Amino acid sequence: MRSRYFMALAVAVLLSSGMLMFATPPAGSGSISGKVTYTGTPPKMKPIDMSKEPSCAKQHATPVLTENVATGSGSALQWVVVYISGGDQGSSTPSQAVRYDQKGCQYLPHVLPMQVAQQLQIYNDDQTSHNIHPLSKVNPEWNKSQPPGSPPIDTKYDKPEFVPVKCNIHPWMHGYFVVLNTSHYAVSGEDGSFDIKGLPPGKYTLAAWQEQYPAQSQEVTITGSETKTVNFVFKVLPY
Amino acid sequence: MTLKKLAVTFVLGSMALVTVGATSVLAQSHVNSPDPALGTPNVATEESHIGALTGHAASGKGLYRRYCIGCHGQDGNGEGMNAAWIDPKPRDFTEATFKCRSTPTGTLPTDEDLYNAVTRGFVTTNMPSWTALTPQQRADLVAFVKTWSPRWTNGKSGTPLNIPPETAITIESILHGRELFQKLECWKCHGPAGHGDGPSAITLTDDKGNPIRPYDFSSGSRFMCGVTNRDLYRIFMTGLDGSPMPSFADVVQPNDAWDLVHFLRTLQPFKTQETNLWMAYKASHGSTLKPIGPDAAPGAQ
């Protein structure tokens, strides 16, 4: 008797949660995907000499390369932030934090996109002290020491900005916080590909940002739940 | 004839131009002439509060034009006429990023911090001490400087760091401070002996990309943000914003901070209680001291 009662209750709960899911459908089901590539000869990424920081140097079997123009096969361009700069801005700030790591005297990931006011947690996974120094201009600039074993630094940015991040102790460490007004964004992978999902129908301006070359944008119209293919090509120079 | 007429017109015209130019130069050098272009609309309302003093931006404007504009510029961005010949560069007030603060990194300084900076000047830079101005004038200047960035209207100063009373100066305190100097890797920039020659020193730049030197403790020069032990405590705890010097407030406990202060004093070429204790200890225990620097760093072989 009792177990049957529980079964009925479970079924009811399952049904109602299912109905809830139907009641609030995802914001949109259109998407934009594509590939970021380059034309021209990209600058050679240089091997980083970490011999001054043995605890980091020994974490890398082969020297780490600089990442300001990171390329892949098929002329792919990595670390390009593709985001909606005009049109539906998507959902408000998520409660989930984004994570930034200092590991092996590198910033992981090299480019970290986030939304305005989203919680940002910065970890030092190394055995050495880092000072984390985001060189913001629009947002207040700060600079904090983070010795090994320190708790993560909890922070956030209130205004959209592309913030270069550096460590003054290890001058080869470079990264970016990309603070955006939108929840519709993606970073191009090693193969240059990106994928922005959950777009409601409408007209959009799609922007592509790379740390060294001028930003680009394209107009895209999404109807229904289609997947549009949009590609970006950056002209690069060998120096 | 026509040619002559043209020539006359030209001469008259250039004379007029010269006159206009001279007038504008004169106007600029005039102390209190109204110039709506200087500063922002906040000039009318911005105030500073230093103790019982209230500074008014409107009064500070003329003083700025007389005393500050040459280096800090008519737009407050540190690009005055003299700036090209100055190193380190004059402060860019439009960024509202200041080195000497009692407040946490990333926050605005208090009015008092700015007043102290104007009063003290910045040793080893071109910024002199402005004690020649009256306290009221300095307060007025502080109010005016705050008109250059919207951060002053939209936000308020940070909460000053609480500095507990100084702990006793003992050899234990100094030795622990020395351990922290190693562990927190102060030596990476300031050098194992505090000479400002650590492995990263040569690579340092300020937030505008200009080369900048870490403080050399052996130089005997005053600190940029004050002279006392409390000032020294405040400097490394709040950091010098806009420079490579980070804040240690989140990672160093107050007692440890005082230990570090006591050790840092031993790096200076002064006869202080700290140096006396340290010299005596080194004379008897010198050989047992582990050297500071990369050999003692974690991960080193």
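Just so we're clear, the structure is a prediction, and the values are computed from it rather than from any experiment.

The rules behind the values
- Residues numbered from 1 in each chain as written.
- Chains lettered and ligands numbered in written order.
- Predicted model: local features only at pLDDT ≥ 70, side-chain atom pairs only at ≥ 80, totals over all residues.
- Helix = DSSP H or I, 4+ residues; strand = E, 2+ residues; numbered from the N terminus.
- Contact = placed C-beta atoms within 7 Å.
- Axes fitted to C-alpha atoms, helices over the stretch in contact; angles between N-to-C directions.
- Parallel < 35°, antiparallel > 145°, perpendicular 65-115°, else oblique.
- Left-handed = near helix turned anticlockwise from the far one by under 90°.
- Nonpolar A, V, L, I, M, F, W, Y, C, P; charged D, E, K, R; others polar.
- Pairing = 2+ DSSP bridges.
- Domains from an automatic or database assignment.
- Expected span 1.5 Å × (residues − 1).
- Buried ≥ 20, exposed ≤ 12 C-beta atoms within 10 Å, placed from the backbone.
- Arc of directions from axis to C-beta.

1. Side note on the overall build of chain A
Scanning chain A from N- to C-terminus turns up two helices and 19 strands. At a minimum sequence separation of 6, the contacts of chain A that also span at least 24 residues come to 66%.

2. What to know about the packing of helix H4 (residues 111–120) of chain B against helix H5 (residues 135–145) of chain B
All names here are of chain B. Between H4 and H5, the shortest axis-to-axis distance is 9 Å and the interhelical angle comes to 120°. Relative to H5, H4 is oriented oblique. Between H4 and H5 the crossing geometry is right-handed. Two secondary-structure elements touch here, H4 through Asp111, Leu114, Tyr115, Val118 and Thr119 and H5 through Arg138, Ala139, Leu141, Val142 and Val145. For the contact of H4 with H5, the per-class residue count stands at seven nonpolar, one polar and two charged.

3. Let's talk about the environment of lysine 156 of chain B
Its place among the elements puts lysine 156 of chain B in the loop between helix H6 (151–154) and helix H7 (171–183). When the C-alpha atoms of lysine 156 of chain B and proline 109 of chain B are compared, they prove to be 8.7 Å apart, with 47 residues separating the residues in sequence.

4. Describing the pairing of strand E2 (residues 53–56) of chain B
Here strand E1 (residues 47–50) of chain B pairs with E2 of chain B via four bridges, running antiparallel. Residue pairing for E2 of chain B: histidine 49 of chain B is matched across the bridge by threonine 54 of chain B.

5. As for the domain arrangement of chain B
Residue and element names in this part refer to chain B. Structurally, chain B comprises domain 1 (41–154) and domain 2 (171–295). Here the C-alpha centre of domain 2 lies 28 Å away from the C-alpha centre of domain 1. With 15 residues of domain 1 at the contact, the number on the domain 2 side is 18 residues.

6. Overview of the interface of chain B and chain A
Residue-level contacts link 28 residues of chain B with 23 residues of chain A. Here the residues of the side of chain B that touches chain A sort into ten nonpolar, eleven polar and seven charged.

7. Quick notes on H7 of chain B
Residues and elements named next belong to chain B. Here H7 is 13 residues long and its end C-alpha atoms lie 18 Å apart, about the 18 Å a rise of 1.5 Å per residue gives. Of all the positions in H7, only Ser173, Ile174, Gly177, Arg178 and Phe181 are classed as buried. Angular distribution of buried residues about the axis of H7 spans 140°; they occupy a single face of the element. Turning to H7, the residues buried within the fold contact helix H8 (187–190), helix H10 (254–266) and helix H11 (273–285). Glutamate 185, located one to two residues past H7, shows a positive phi value of around 60°.

8. Quick notes on the sheet that holds strand E6 (residues 106–108) of chain A
Paired through their backbone hydrogen bonds, the strands of a sheet run either parallel or antiparallel. Residues and elements named next belong to chain A. Taken in spatial order, the four strands line up as E6-E5-E8-E11 in an open sheet, and their pairing is mixed. Every interior strand has two partners, whereas the edge strands, E6 and strand E11 (153–155), have only one. Neighbour-to-neighbour, the strand axes of the sheet open up by a mean angle of 20°, direction not taken into account. As judged from the five bridges shared by strand E5 (residues 98–103) and strand E8 (residues 120–124), these two strands associate in the parallel manner. When the sheet's bridge partners are listed, aspartate 101 is paired in E8 with tyrosine 123.

9. A word on the environment of threonine 124 of chain B
Its place among the elements puts threonine 124 of chain B in the loop between H4 and H5. Between the alpha carbons of threonine 124 of chain B and arginine 222 of chain B there is a distance of 8.6 Å; along the sequence they are 98 residues apart.

10. Side note on the packing of helix H2 (residues 57–67) of chain B against H5 of chain B
Residues and elements named next belong to chain B. Across the interface, H2 lies against H5 with an axial gap of 7 Å and an inter-helix angle of 100°. As judged from the angle between their axes, H2 and H5 are roughly perpendicular. When H2 is examined against H5, the residues Ala57, Ser59, Gly60, Lys61, Leu63 and Tyr64 are found in contact with a partner set consisting of Gln137, Asp140, Leu141, Ala143 and Phe144. By residue class, the composition of the contact of H2 with H5 is six nonpolar, three polar and two charged.

11. A look at the sheet that holds strand E10 (residues 144–146) of chain A
Residues and elements named next belong to chain A. Reading across from one edge, E7-E13-E12-E9-E10 is the order of the five strands in this open sheet, with mixed pairing throughout. Either end of the sheet is taken by a strand with one partner, and the two such strands are strand E7 (111–115) and E10. The mean inter-strand angle of the sheet, taken between neighbouring strand axes irrespective of direction, is 25°. One ladder, built from three bridges, connects strand E9 (residues 130–134) with E10; its direction is antiparallel. Bridged to histidine 130 within E10 is glutamine 146.

12. Some words on H11 of chain B
Residue and element names in this part refer to chain B. Between its terminal C-alpha atoms H11 stretches 18 Å, which fits the 18 Å expected from 13 residues at 1.5 Å a residue. Considered for burial, the residues of H11 that qualify are Glu274, Leu277 and Trp278. One face of H11 carries all of its buried residues, which in axial projection span an arc of 95°. Turned more than 90 degrees away from the buried face of H11 sit Asn276, Met279, Ala280, Ala283 and Ser284, all of them exposed. Check the buried side of H11 and you find it contacts H7 and H10.

13. Re unusual backbone geometry
Where the residue is not glycine, phi is negative for most of them; where a peptide bond is considered, it is trans in most cases. With an omega of -5°, the peptide bond running from leucine 108 of chain A to proline 109 of chain A counts as cis. With respect to the secondary-structure elements, proline 109 of chain A resides in the loop between E6 and E7. Each neighbour pair has its own omega, and for aspartate 87 of chain B with proline 88 of chain B the value is -5°, a cis peptide bond. Positionally, proline 88 of chain B belongs in the loop between helix H3 (69–72) and H4. A positive phi is found at threonine 124 of chain B, a non-glycine position, where the angle reads about 70°. The class of threonine 124 of chain B is partly exposed, set by 14 C-beta atoms lying within 10 Å.

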